[in-house]
Amino acid sequence: KTSGTGLFVGVVPQITEPKEDILDAGLGDGTLGFGWGEQMIKGGGQTNAYGPALKTGDVIMVSLDLTNGTLRFFRNSVDIGLAVGPAGSGAALEADLLSWPTMCAAVS
């Protein structure tokens, strides 16, 4: 699944029918969406440092802006910063979120 043993939270493209290779992957691995956990952001074949470690009791909010193609995370109401955005956005991970027509929240 993921590169470590911790929790990852993020977004994935809507999947209309289960595929074995997707079910065996962790969030953000390969092309399976974008995920934050273990102080890193993963997705699109990239992994970069991002955010603090998650702790038991943290409240996580995911903010997906499909108009501007950005993804942010909030931990306990504090903005962690731009996690994913288009080239030149200064995001921790620069990638094209707008290539997927529909996305869903996910945890792995």
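Residues numbered from 1 in each chain as written. Predicted model: local features only at pLDDT ≥ 70, side-chain atom pairs only at ≥ 80, totals over all residues. Heavy atoms only, no water.

Trainee: Quick rundown of the overall build of the chain? Include the residues and the values.
Mentor: Check the secondary structure of the chain and you find one helix and nine strands. Element order for the chain, N to C, with α for helix and β for strand: β-α-β-β-β-β-β-β-β-β. Across the 108 residues of the chain, 37% fall into the buried class. Sequence-distant contacts in the chain: of pairs separated by 6 or more residues, those separated by 24 or more amount to 47%. Approximately 5,900 Å² of the chain is accessible, and the part contributed by carbon and sulfur atoms is 53%. (Helix = DSSP H or I, 4+ residues; strand = E, 2+ residues; numbered from the N terminus. Buried < 20%, exposed > 50% of the residue type's maximum accessible area, 1.4 Å probe, protein only. Contact = heavy atoms within 4.5 Å. Areas by Shrake-Rupley, 256 points an atom, 1.4 Å probe, with all protein chains shown as cover.)

Trainee: Outline the pairing of strand 2 (residues 34-37), listing residues and values.
Mentor: Successive side chains on a regular strand alternate, one facing one side of the sheet and the next facing the other. Side chains Phe34 and Trp36 of strand 2 all project onto a buried face; the interleaved residues Gly35 and Gly37 project onto the opposite face, where all are buried too. Inspection of the sheet shows strand 2 paired to strand 3 (residues 40-43) by four bridges, in the antiparallel sense. Within the sheet, the bridge partner assigned to Gly35 lies in strand 3 and is Lys42. Turn length for the strand 2-strand 3 hairpin, with the two strands adjacent in sequence and antiparallel, is two residues, and the turn residue Glu38 shows positive phi of about 50°. (Pairing = 2+ DSSP bridges.)

Trainee: Give me the lowdown on the side chain of Thr70, citing residues and values where you can.
Mentor: The topology assignment puts Thr70 in strand 6 (residues 70-75). Those residues within four positions of Thr70 in sequence are excluded, and the remaining contacts are Ser63, Leu64, Asp65, Leu82, Val84, Gly85, Pro86 and Leu97.

Trainee: I'd like a description of the pattern of salt bridges, backed by residues and values.
Mentor: Throughout the structure, instances matching the rule amount to two salt bridges. For the salt bridge of Arg75 with Asp58, the shortest nitrogen-to-oxygen distance reads 2.8 Å. Of the two residues, Arg75 is situated in strand 6 and Asp58 in the loop between strand 4 (46-49) and strand 5 (60-65); the sequence distance between them amounts to 17 residues. Note on Arg75: relative accessible area 17%, which makes it buried. (Salt bridge = Lys/Arg side-chain N within 4 Å of Asp/Glu carboxyl O.)

Remember, this is a structural readout, not a statement about activity or role.
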